[in-house]
Amino acid sequence: MRARRGDDRAKDGQAVAAHVALERGRVDPADEFTRLADRYLDTAYRLASVVLGDPTEAEDAAHDAAVLAWRRFGTLHDPDRFEQWFCRIVLNVCRDRLRHQRRHPVVELPSEDGERGGLQAPDRAGQLLARDALDRAFARLEPDHQIVVALRFYRDLTVDDIARRLDIPAGTVKSRLHHALRRLRTEMERQGWREETSDEA
Amino acid sequence: MRRERKASIGAPAEKDLQAWLRARDAGPAPERLRMRVALVAEETRPRRIWALLRPISAVAGAAAAAILILFAATLRGPAGPLAGRPSPTTGPTPTASENMLPLMPVGPWPRTGAVLAVPLDGPLLAALVALPFLAALLLMAYLARRSFADARRSAAQKGAGGGLWAIRYPRAWILRLAGAMLAATLIVVGCDLLQFSQSSPLQYGSFESGDPTFGLGWRSSAGGSDEMYMAFIPGGQLRATLDLSNQGELPLTVTSFDMQRFRVEQPAAAFISSVELRLPPGATMGGSYDVGYYSEAFHPFELPPQGDTSLVVILHLKECPSVEPGPAPGPDAGSNRNYLPATSYVTIGELPLRYSMLGIERETEVRLNAAISLVFGSNAVTC
């Protein structure tokens, strides 16, 4: 535990030294940005892929976010907060892309197994169908709600953490989570899924 | 038995939702994306030379702006370089044009009656008008760079405007307002000076006289300027003395007569083969009605501030075989104040001269106090 604390202090010291060097103009901002972006690119890309549900879209979103981040790099006061700051930009880009997708929806072809509701399925197939149903339900959420759900259930962030990351009140996060989950439930039910398992004789 | 499918929603099924979300996780960023992101900053990396040039140019811009504002304020003030009316001429007592007020090519400065002493055309004008805009931009960058580290980085990346607007500071609006006001002030000053682009300190004085040998008479026009009529003599010479005045506060040097411009802009040039200027003997200033007094060939000469001198303009006329000579002057030609020629005539109203001031060569057209008109013997007007 002591060693870990020592590592943390060393990292903090490095970060402070890097920050001071940046402030004093010894470090090229472009080099510093490239280093930080590369360090947190995995996190940003994975988060984008979860929110968008499409690796290709996530890749484009991460790149767009990097371009925006570089343009706004001068507004970042504390390089130690780069991850949060960058992820916020990524999420904003994701939100814009989701809104764009809503305005320009992609028509999905009907699946070969016809109506999903009422079909009996083995467990494996059931899981796939459940995921498919979740995909559909998740896609119907508002982009802001999708982001909150992803941060809460994928990144395991607390409500307060999400509020800080998105720079919104905690109450708004709770409200969005509540409405998002209710909407998910409704959408799942609309597709023939029930919350409880019941055996009828 | 009917089995309802289990939905992965709700508090008891959060793990399912988490699992579903993690299934959407695409894993680490692909190398292609990593390379694209690495190029983001490279493609827009600011040139290092600007890191050195920007502070230097900012200081230079600030200095230029300060000089410009000071310059404009000085001219505006009652102690401007040419405040008040032009000083009386030191030449001989004027005759025909004694009551004529000097005609300014541009209006005098409000309240003070001053006109601009420094020529504002050519490169100097461009510099004085363009510098304020540049200075305003550079000053904004300078403010941004000096004040805040983040804005400094933005300025390095995006330039002045980006740097200024990237300031995150509770009182950033003060800087923005100051920058905007400075830019507006400089623009106003620059535009104000622009209207004086044609001003020239080199004017005629109040002395002008025609060659009595061929002088036919004078006539005052309704516009306020006189016309001096002289008979056209094929292959002959017409001489007129006139006074040049430097109405500025800086010395200038009259360098030459611009014959090319004279041919283009004066219709009477078709009847004139060349124009010769002669100066008073030695370094004598002042003048004389006697055209024989001007014994010295033209050479560049300096006019001190508010100083004037006379010279004689000799017009060498063409033969023009198709043009009849003008009428011979009568015995009372010198006092013939309301002479009206009965035949056609052409007029020379301006003399194009070159002069230099502060090392800058300029061209100007000295509008004559009394236009010189060549009177022909008939109505033929082609040489």
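Since the model is a prediction, treat every value here as computed from it, not as a measurement.

### Quick look at the packing of aromatic side chains
The relation between two aromatic rings is expressed through the spacing of the ring centres and the mutual angle of the planes. Residues and elements named next belong to chain A. All told, the structure shown has 16 aromatic pairs over all chains when counted by the stated rule. With a centroid separation of 5.3 Å and 50° between ring planes, the pair formed by Phe33 and Trp70 is classed as tilted. Taken as a pair, Phe33 in helix α2 (residues 29-39) and Trp70 in helix α4 (residues 55-71) lie far apart in primary sequence, 37 residues in all. The two residues Phe33 and Trp70 agree in class, both being buried. Centre to centre, the rings of Phe73 and Phe82 are 6.4 Å apart; their planes meet at 75°, and the pair counts as edge-to-face.

### Structural notes on the packing of helix α8 (residues 159-166) of chain A against helix α9 (residues 170-190) of chain A
All names here are of chain A. Between α8 and α9, the shortest axis-to-axis distance is 8 Å and the interhelical angle comes to 110°. As summarised for this structure, α8 and α9 are arranged roughly perpendicular, according to the angle between their axes. Crossing hand, α8 versus α9: right-handed. Along its contact with α8, which presents Val159, Asp160, Ile162 and Ala163, the element α9 presents Ala170, Val173, Lys174 and Leu177. Tallied by class, the residues present in the contact of α8 with α9 amount to six nonpolar, no polar and two charged.

### Concerning the nonpolar core
If you look at the biggest cluster of nonpolar residues, it comprises 66 residues, and the most contacted ones within it are Phe33(A), Phe82(A), Phe86(A), Val149(A) and Leu21(B). Element by element, the count of residues in this core is highest for helix α5 (residues 82-103) of chain A, at ten residues. Counting contributing residues per domain, this core is built from domain 1 (25-103) and domain 2 (114-195) of chain A, each supplying no fewer than three. Discounting chain neighbours no more than four positions away, the residues touching Val149(A) are Phe138(A), Leu141(A), Tyr154(A), Leu177(A), Ala180(A), Leu17(B) and Leu21(B). Core analysis: the next-biggest nonpolar cluster, separate from the first, contains 42 residues, Leu242(B), Val313(B), Leu315(B) and Leu368(B) among them.

### Some points on the packing of helix α3 (residues 41-52) of chain A against α5(A)
Residues and elements named next belong to chain A. Two numbers describe how α3 lies on α5: the axes approach to 10 Å, and their chain directions differ by 30°. As far as their axial angle goes, α5 and α3 are roughly parallel. The element α3 and its partner α5 pack so that their crossing is right-handed. In contact with Thr43, Ala44, Leu47, Ala48, Val51 and Leu52 of α3, α5 contributes Glu83, Phe86, Cys87, Val90, Leu91, Cys94, Arg97 and Leu98. Looking at the contact of α3 with α5 residue by residue, the class counts come to eleven nonpolar, one polar and two charged.

### Quick notes on the environment of Pro169(A)
Positionally, Pro169(A) belongs in the loop between α8 and α9. Residue Pro169(A) is classed as exposed on the basis of its relative accessible area of 52%.

### A few points about the confidence of the model for chain B
All names here are of chain B. Summing up the model confidence of chain B, the mean pLDDT is 68 and the portion of residues at 70 or higher is 50%. Here residues 1-12 is a poorly scored stretch, pLDDT under 50, and it has 45 contacts once near neighbours within four places are set aside; other chains count. Under a pLDDT of 50 for its full length, residues 145-152 has, in the predicted model, 25 contacts with residues more than four places off or in other chains. Across the interfaces of the predicted complex, the ipTM metric reaches 0.71, alongside a pTM of 0.40.

### Examining the pairing of strand β10 (residues 308-317) of chain B
Successive side chains on a regular strand alternate, one facing one side of the sheet and the next facing the other. Residue and element names in this part refer to chain B. Counting buried residues in β10 gives ten out of ten residues, a clear majority hidden from the surface. Alternating residues of β10 divide into Asp308, Ser310, Val312, Ile314 and His316 and Thr309, Leu311, Val313, Leu315 and Leu317, and every residue in both groups is buried. Pairing analysis gives nine bridges linking strand β5 (residues 237-246) to β10, with the strands arranged antiparallel. Its bridge partner being in β10, Leu238 is matched across the sheet by Leu315.

### Re the environment of Ala342(B)
In this fold, Ala342(B) is placed in the loop between β10 and β11 (345-357). Separated by 34 residues in the primary sequence, Ala342(B) and Phe376(B) have C-alpha atoms spaced 9.2 Å apart.

Criteria and cut-off values
Residues numbered from 1 in each chain as written. Chains lettered and ligands numbered in written order. Predicted model: local features only at pLDDT ≥ 70, side-chain atom pairs only at ≥ 80, totals over all residues. Heavy atoms only, no water. Phe/Tyr/Trp six-rings, centres within 6.5 Å; stacked < 30°, edge-to-face > 60°. Helix = DSSP H or I, 4+ residues; strand = E, 2+ residues; numbered from the N terminus. Buried < 20%, exposed > 50% of the residue type's maximum accessible area, 1.4 Å probe, protein only. Axes fitted to C-alpha atoms, helices over the stretch in contact; angles between N-to-C directions. Parallel < 35°, antiparallel > 145°, perpendicular 65-115°, else oblique. Left-handed = near helix turned anticlockwise from the far one by under 90°. Contact = heavy atoms within 4.5 Å. Nonpolar A, V, L, I, M, F, W, Y, C, P; charged D, E, K, R; others polar. Core = buried A, V, L, I, M, F, W, Y, C linked by side-chain atoms within 4.5 Å. Domains from an automatic or database assignment. pLDDT = per-residue confidence, 0-100. Pairing = 2+ DSSP bridges.

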